[in-house]
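# Structural overview for review
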Amino acid sequence: MKKKTLITGAGQGIGKAIAEKFAKEGNDLYLLVRKKTEIKSLKLLETKHNIKVAVYAGDLRNNNFILKLNKKIPYVDNLINNAAMANKKFFLDVTNKDLDNLLSVNLKSIYKLSQIFSKKMIKKKVKGTIISLSSQLGHVGAYNRTLYSLTKFGLEGFTKSLALDLAKFGIRAVTVAPTKTIVDESEYKRTPKRLKHIRKRIPLNQFSTKEQIASIVYFITTNSAGSITGTSIISDGGWTAGK
């Protein structure tokens, strides 16, 4: 029987690369996107890889959307919490709306989805995985990233405790924490100075790619990673190793 994988934020970037990787590996997919215009290209994965693909468009800040997913999706073997919002404001400029938005998407939706689908895993006796996309900024701080780092550090702590709570059911919880990842080649033309500055801070002098991150996420779901839980796989080129 094909494994079933739910991926949030699957419409573009790393999330879409994860969807393509899991499709290639023969998983049936439940994909969450923000825009209806992102549905068509994802549905093409169905015929290309001979799998089933269901795509749901909605806002993870909306609790009714999350409740709808609970009703629509019977269970999954893997939950990939990829969707996230960014915030690059200086601490004193962060608004209450900014705070509410990032907490809702980057933490609350992950908590709710993890709770919903771990219950379904337990009921079906599925020894599944819950993988959340974190960041190197869930391990170190950075200027103008107080709000973003708040959510990513919170995600790291949540994942460790989640792994302990769910271990007795054989369910594993892991984060994947990339450094700057190139999701669109046009970035090299649009922000060359910024990218050059970032790359200088990476000891390996290279960015992560969305395909690398997708492969790491898939690896965590395999038997080879069967003892990995409650930790973070950091793909940062050595950024967090020290100065």
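From a predicted model like this one, the values you see are computed outputs, not experimental measurements.

## Focus: the packing of aromatic side chains
For any pair of aromatic rings, geometry is given as the distance between the ring centres together with the angle between the planes. Tallied over the full model, the rule gives 2 aromatic pairs. On the basis of an interplanar angle of 35° and a centroid distance of 5.2 Å, the ring pair of Tyr111 and Phe158 is categorised as tilted. Residue Tyr111 is located in helix H4 (residues 96-124), and its partner Phe158 is located in helix H5 (residues 146-166); the two are separated by 47 residues in the primary sequence.

## What to know about a nonpolar patch on the surface
Together, Phe90, Phe91 and Leu92 line one region of the surface with nonpolar side chains, adding up to about 370 Å² of accessible area. If you trace the backbone, Phe90 turns up in the loop between strand E4 (78-81) and H4. A relative accessible area of 45% places Phe90 in the partly exposed class.

## A closer look at the environment of Ala84
Residue position: Ala84 is located in the loop between E4 and H4. For Ala84, a relative accessible area of 39% corresponds to the partly exposed category. Ala84 sits 112 residues away from Lys196 along the chain, and the two C-alpha atoms are 25 Å apart.

## With respect to the pattern of salt bridges
Close approach of charged atoms allows side chains of opposite charge to pair. Following the criterion strictly, the structure yields 7 salt bridges and no others. In this structure, the salt-bridge partner of Lys180 is Glu187, at a minimum N-O distance of 2.5 Å. Summarising the burial analysis for this pair, Lys180 and Glu187 share the class buried. Taken together, the shared-partner salt bridges connect Arg34, Asp59 and Arg61 into one network.

## A word on helix H1 (residues 13-24)
Over its 12 residues, H1 extends 17 Å from the first C-alpha to the last, a length consistent with the 16 Å expected when each residue adds 1.5 Å. In the segment just after H1, Gly26 is the residue with positive phi, at about 90°.

## Some words on unusual backbone geometry
The backbone of Asn50 sits at a positive phi, close to 55°, despite the residue not being glycine. Residue position: Asn50 is located in the loop between helix H2 (39-49) and strand E3 (53-57). Non-glycine residue Asn205 carries a positive phi angle of around 55°.

Calculation criteria
Residues numbered from 1 in each chain as written. Predicted model: local features only at pLDDT ≥ 70, side-chain atom pairs only at ≥ 80, totals over all residues. Heavy atoms only, no water. Phe/Tyr/Trp six-rings, centres within 6.5 Å; stacked < 30°, edge-to-face > 60°. Helix = DSSP H or I, 4+ residues; strand = E, 2+ residues; numbered from the N terminus. Patch = residues over 30% accessible without salt bridge, like charges linked within 9 Å, V, L, I, M, F, W, Y side chains within 5 Å. Areas by Shrake-Rupley, 256 points an atom, 1.4 Å probe, with all protein chains shown as cover. Salt bridge = Lys/Arg side-chain N within 4 Å of Asp/Glu carboxyl O. Buried < 20%, exposed > 50% of the residue type's maximum accessible area, 1.4 Å probe, protein only. Expected span 1.5 Å × (residues − 1).

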